[in-house]
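Spelled out from the first residue to the last, the chains are:
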Amino acid sequence: MSERLEDIAEAMVAPGQGILAADESTGTIKKRFDQIDTENTEDNRRDYREMLFRADAAMKDHISGVILFDETLRQKAADGTPLVELIRKAGAVPGIKVDKGAKPMAGFPGETVTEGLDGLRERLEEYYELGARFAKWRAVIDISEDDGLPSSTCIQANAHALARYAALCQEAGIVPIVEPEVLMDGAAASHDIETCYEVTEWTLNTVFAELFQMDVMLEGIILKPNMIVPGKNAAFQAAPEEVAELTLRCLRSTVPAAVPGIAFLSGGQSDELATEHLNLMNASGDLPWKLTFSYGRALQQSALKAWGGKPENVAAGQAAFAHRARMNGLAAKGEWSKDLETA
């Protein structure tokens, strides 16, 4: 594959394909494993990820890239094959999560700023040598109307960090996934869909202004935003058609056409609802960028349950993963329907 940033970015949003977010930290994967009574050991984490990466029907047809955690990027499969090689052989692009997490923002109670810029240039050089060709950095924006959140300081600080990260990635020959997430499941999560629209529009405008200031080449990035949805505790939940309409309206008003693709996060939506929202947007007609998925839990949850930490259930786990990957691949082309979920 071409090493040009533009070509890697285009490959990551190939038609009918999307990105598997398998970058759960050791602590986060423990929570997933606790659900299936599986011990959180390095071997179990490897076996679980290997199961996904060897699911040929899913990986070759519907997965264009995989976001990895540092440990996973360095791991080898049970037979000694580097996991990065399994991803490459499936035709997908290996990627790496590089941020150090959202930390409390001094002087701004309830808000966070993502850290990890110190030493990032050197880490990116090593990750490139290990095979990563894209990276991910997540900024977290919470809404709490009673507390006046978010503040402009929080949005500005996170947008600036995202832009500095993106510039360092491109310097290293790595495509940055720019992920500003306006939470639907934060501390309050009671905001309506109009508030989500306003905060997301504000956030995206700020992010692109900072990317411009840092001279980031937009043709060599992927945007990973939230959809426009109400908080999970909101009095009224929106119809899928409204979510799709408002999300597209927000993106059209903020995202330059030079960006090759937008890979949505699922952000707490159910598996099927995340698929339905993506499908409705792609079925709406021509768009200036490709719209696809970059899901973690919404791609993996059914596979995790089917696997259950047992070697004899690997085929069942792979089948569950293949189904969700296929459903989202169809949604990325606007060709999904509810009937296909049970076909």
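In the block above lies the structure referred to throughout.
Everything numeric here is computed off the predicted structure, so don't read it as measured data. (Residues numbered from 1 in each chain as written. Predicted model: local features only at pLDDT ≥ 70, side-chain atom pairs only at ≥ 80, totals over all residues. Heavy atoms only, no water.)

Colleague: Describe helix 13 (residues 314-331), with residues and values.
Modeller: For helix 13, built from 18 residues, the straight-helix expectation of 26 Å at 1.5 Å per residue is met to within 8% by its first-to-last C-alpha distance of 26 Å. Among the residues making up helix 13, those that are buried are G317, A320, F321, A322, R324, A325, M327, N328, G329, L330 and A331. (Helix = DSSP H or I, 4+ residues; strand = E, 2+ residues; numbered from the N terminus. Expected span 1.5 Å × (residues − 1). Buried < 20%, exposed > 50% of the residue type's maximum accessible area, 1.4 Å probe, protein only.)

Colleague: Describe the state of the cysteines, naming the residues involved and giving the relevant values.
Modeller: The full count for this structure, using the stated rule, is zero disulfides. Left without a disulfide partner, C250 is nearest to the cysteine sulfur of C196, which lies 7.8 Å away. (Disulfide = S-S within 2.5 Å.)

Colleague: Lay out the environment of R45 with the relevant residues and their values.
Modeller: Within the secondary structure, R45 sits in helix 3 (residues 42-53). Under the relative-accessibility criterion, R45 is labelled buried at 8%.

Colleague: How would you summarise the environment of A58 if you had to cite specific residues and measurements?
Modeller: Secondary-structure assignment places A58 in helix 4 (residues 56-62). For A58, a relative accessible area of 0% corresponds to the buried category. In the structure, A58 is positioned 268 residues away from R326 in sequence and 6.7 Å away in space, judged by C-alpha atoms. Non-local contacts of A58, meaning those with residues more than four positions away in its chain, are made with I63, F321, A322 and A325. (Contact = heavy atoms within 4.5 Å.)

Colleague: Describe the packing of aromatic side chains, with residues and values.
Modeller: One pass over the structure, following the stated rule, counts five aromatic pairs. Centre to centre, the rings of F33 and Y48 are 5.9 Å apart; their planes meet at 85°, and the pair counts as edge-to-face. In this pair, F33 is assigned in helix 2 (residues 26-35) and Y48 in helix 3, connecting sequence segments 15 residues apart. For the pair formed by F33 and Y48, the shared burial category is buried. Taken together, F33, Y48 and W307 form an aromatic cluster joined through their ring pairs. (Phe/Tyr/Trp six-rings, centres within 6.5 Å; stacked < 30°, edge-to-face > 60°.)

Colleague: Run through unusual backbone geometry, naming residues and quoting values.
Modeller: The omega angle of the peptide bond from L149 to P150 is 5°, so this bond is cis rather than trans. Not every positive phi belongs to a glycine, and D37 is a case in point at roughly 55°. Looking at the secondary structure, you find D37 in the loop between helix 2 and helix 3. Phi is positive for D215, which is not a glycine, with a value near 60°. By the element assignment, D215 lies in the loop between helix 9 (193-213) and strand 8 (222-223). Judged by its relative accessible area of 70%, D215 is exposed.

Colleague: Before we move on, can you summarise the nonpolar core with the specific residues and values?
Modeller: F53, Y165, L291 and F321 are the most contacted members of the largest nonpolar core, which has 104 residues in total. At eight residues, the largest contribution of residues to this core is made by helix 8 (residues 152-171). Sequence-distant contacts of Y165, defined by excluding residues within four places in its chain, comprise V98, L117, L120, A135, K136, W137, P176 and I177. Core analysis: the next-biggest nonpolar cluster, separate from the first, contains eight residues, V113, I141, I155 and V199 among them. (Core = buried A, V, L, I, M, F, W, Y, C linked by side-chain atoms within 4.5 Å.)

Colleague: Would you mind going over the pairing of strand 7 (residues 175-182) in detail, with residue names and values included?
Modeller: Across the eight residues that make up strand 7, a large majority, eight, are buried. Residue alternation in strand 7 divides its side chains into two sets, V175, I177, E179 and E181 and P176, V178, P180 and V182, and both sets are buried. Remark: the strand 6 (residues 134-141)/helix 8/strand 7 crossover connection has right-handed handedness. Summarising the sheet, strand 7 and strand 8 pair through two bridges and their orientation is parallel. Across the sheet, the residue bridging to I177 is I222, located in strand 8. For the crossover that starts at strand 7, traverses helix 9 and ends in the parallel strand 8, the hand is right-handed. (Right-handed = clockwise from strand over helix to strand, strands pointing away. Pairing = 2+ DSSP bridges.)

Colleague: Got a sec to walk through a negative patch on the surface? Specific residues and values, please.
Modeller: On the surface, E145, D146, D147, D192, E194, E198 and E242 cluster together to form a negatively charged patch. Positionally, E194 belongs in helix 9. (Patch = residues over 30% accessible without salt bridge, like charges linked within 9 Å, V, L, I, M, F, W, Y side chains within 5 Å. Areas by Shrake-Rupley, 256 points an atom, 1.4 Å probe, with all protein chains shown as cover. Salt bridge = Lys/Arg side-chain N within 4 Å of Asp/Glu carboxyl O. Lys, Arg positive; Asp, Glu negative; His and termini not counted. Charge placed at Lys NZ, Arg CZ, Asp CG, Glu CD.)

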